[in-house]
Amino acid sequence: MDTLVIVVIITALAFDFTNGFHDTANAMATSIATKALRPRVAVAISAVLNLAGAFLSVQVAKTISSGLVDDAKITPAVIFGGLVGAILWNLLTWLVGLPSSSSHALFGGLIGATWIAAGGDAVNFATVVTKVIIPAIASPLIAGVVAATGTFLLYNITRRAAKGKVRAGFRHGQVVSASLVSLAHGANDAQKTMGVITLVLITAGVLGADSGPPLWVIFTSGLAIALGTYFGGWRIIRTVGHRLTKIEPQQGFAAETSAATVILASSNLGYPLSTTQVTSGAVIGSGVGKKLSEVKWGVAGRIAIAWGLTLPAAAAIGALAGRVAISGTAGVIIVAAVLVALAATFYLLSRRNKVDRHNVNDEPVASPKSKSKPSVASRYAR
Amino acid sequence: MNVPWGDLGTVLMAALFLGGGVIVLYAVGIRVLSPASADGESAGRPTPLRIAITSLCFAICAAAVGYGIYTLL
């Protein structure tokens, strides 16, 4: 097997890993915030269900770009550049604790790298609008409306019930609905990496045209996203679970049930929605449904800005990485070295304001030192 | 450019009725199972009828979850 193919496969699995830990919050942030599950148990359940989800279907894996770019003009070097764009954007948004869409990051990276390698004709901008931009606006709104309506009804129905039993009941329900989101996430997102690897293997002649993903590709993709999920994107979990709105078990149940329904309904219609945007919209909706003023609109606004920036930013990074990578082996080595160096830098920066399973539910306390000179990560994560 | 507004509307309506339906059914189940006294504390054990109603609500919710998993296949 060509060295470049191996490099792209490893990079695709690295993206899958970042996708896992970046999106742990989608399913489990509310369960962790309401203490329905202990943090480690929550990420373990989510990891297992993501792995199981990867084996449920390979329909999405048949196309990695959903018609956004001309697949025939994609080469392993272009895919490599696109993956680098997606990984770096995922890591940057993780560092600042913003729940951006991993799928949009992947699409953006691929669009940028393809554009720079094959020209603007290779990008289907009409499809970008209909399959990415409009859903990006619609999905959080739909999830928000459903969650707000559900939360409002739920609180009214249970207003005269025994409070302790209500909280306990919704904690149990929340675990089930969050688990369904995890399963759906594994089924949808792991397939994107399977598709990337499968396409690379086809272009390299290892697999025949129109081949589906081999078992080892399904397993490694599922394992990578599961490991990433278990690693836990604690910074984003804290944002979704605590900083958007104060979540009670009733709201967590309504948010996760709404998110699961929207994700499954849209998947059934073949309409791709971002699980991250759906979940964040549902959490905001659950705050609106209980009490409008409970939503921290400043945080919601910052998240919305990150959503808007994801596609162009990942595209820009992907274009730059792709431009260097298509120049030859030296270019690929340079891009890989820069990726590793930046990933290490982001990791070290995250250590200065560490968020993990031990403090994910703590309210942030600003020390005098951090008040006078906040770190980049803490400034944006507030 | 062909924007599938119809699909988006279908997603909204399906999510509102199915998602909202599950939320309401589960809430009704919890409400029936958790009779409260005037101070909001538990008013003792639920009657068999309440348990039966709750079981029905929860069974429908469980079926909805099962259907959700089925749609993933």
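Residues numbered from 1 in each chain as written. Chains lettered and ligands numbered in written order. Predicted model: local features only at pLDDT ≥ 70, side-chain atom pairs only at ≥ 80, totals over all residues. Heavy atoms only, no water.

- An unreviewed UniProt entry lists chain A under the name Phosphate transporter, with Asanoa ishikariensis as the source organism.
- Turning to chain A, the UniProt record has this under Sequence similarities (unreviewed entry): "Belongs to the inorganic phosphate transporter (PiT) (TC 2.A.20) family."
- For chain A, the Subcellular location (unreviewed entry) comment in UniProt is given as "Membrane". (UniProt positions renumbered as here; feature names shortened; annotations may be inferred.)

Observations regarding the environment of Asn19(A)
Residues and elements named next belong to chain A.
- Examined against the element boundaries, Asn19 turns out to sit in helix H1 (residues 3-33).
- On the basis of relative accessible area, Asn19 is assigned to the buried category, the value being 0%.
- Distance from Asn19 to Ile225, taken between C-alpha atoms, is 6.5 Å for residues 206 residues apart in sequence.
- Excluding anything up to four places from it in sequence, Asn19 contacts Asn90, Ser102, His185, Asp189 and Ile225.
- Of note is the side chain of Asn19, whose polar atom sits 3.4 Å from the side chain of Asp189. (Helix = DSSP H or I, 4+ residues; strand = E, 2+ residues; numbered from the N terminus. Buried < 20%, exposed > 50% of the residue type's maximum accessible area, 1.4 Å probe, protein only. Contact = heavy atoms within 4.5 Å. Polar contact = N/O pair within 3.5 Å; in protein donor to acceptor, adjacent residues only side chain to side chain.)

Remarks on the interface of chain A and chain B
- Facing 44 residues of chain A, the contacting portion of chain B comprises 40 residues.
- For the pair chain A and chain B, the two sides together bury roughly 3300 Å², of which 82% comes from carbon and sulfur.
- Looking at the side of chain A facing chain B, the largest losses of area belong to Ile157(A), Lys165(A) and Tyr271(A), adding up to 16% of the total buried there.
- Across the chain A-chain B interface, the total number found is 0 salt bridges.
- At the junction of chain A with chain B, the criterion picks out 3 residue pairs in polar contact (both at pLDDT 80 or more).
- Contributions of two or more residues to the side of chain A that touches chain B are made by helix H5 (125-157), helix H6 (163-203) and helix H9 (249-268) of chain A.
- Take the side of chain A that touches chain B: its biggest share by element is 13 residues, from H5(A).
- For the side of chain A that touches chain B, a count of residues per class yields 28 nonpolar, 13 polar and 3 charged. (Buried area = accessible area lost by both parts, 1.4 Å probe. Salt bridge = Lys/Arg side-chain N within 4 Å of Asp/Glu carboxyl O. Nonpolar A, V, L, I, M, F, W, Y, C, P; charged D, E, K, R; others polar.)

Looking at the pattern of salt bridges
All names here are of chain A.
- Inspection of the entire model under this criterion finds 3 salt bridges over all chains.
- Lys290 is paired through a salt bridge with Glu248; the nearest N and O atoms lie 3.4 Å apart. Taken together, the positions of Lys290 in helix H10 (residues 275-290) and Glu248 in the loop between helix H8 (234-243) and H9 put the pair 42 residues apart, joining distant regions of the chain.
- Between Asp356 and Lys354 there is a salt bridge; the shortest N-O distance is 3.8 Å.
- The buried category is assigned to Asp356, whose relative accessible area is 17%.

Describing the UniProt feature "transmembrane region" (unreviewed entry) in chain A
Residues and elements named next belong to chain A.
- The positions that UniProt labels "transmembrane region" (unreviewed entry) are, in the present scheme, residues 41-58, 78-98, 105-126, 132-155, 193-209, 215-237, 299-320 and 326-349.
- Helix makes up 65% of residues 193-209 and strand 0%, whereas the separation of the span's terminal C-alpha atoms amounts to 18 Å.
- The straight-line gap between the two end C-alpha atoms of residues 215-237 is 32 Å; of that span, 91% is helix and 0% is strand.

What about helix H7 (residues 215-231) of chain A?
Residues and elements named next belong to chain A.
- Spanning 17 residues, H7 covers 24 Å between terminal C-alpha atoms, matching the ideal 24 Å at 1.5 Å per step.
- Residues of H7 that are buried include every one of Val217, Ile218, Ser221, Gly222, Ala224, Ile225, Ala226, Gly228 and Thr229, and no others.
- Elements in contact with the buried residues of H7: H1, helix H2 (39-54) and H6.
- Just downstream of H7 lies Gly232, where phi reads positive at about 80°. (Expected span 1.5 Å × (residues − 1).)

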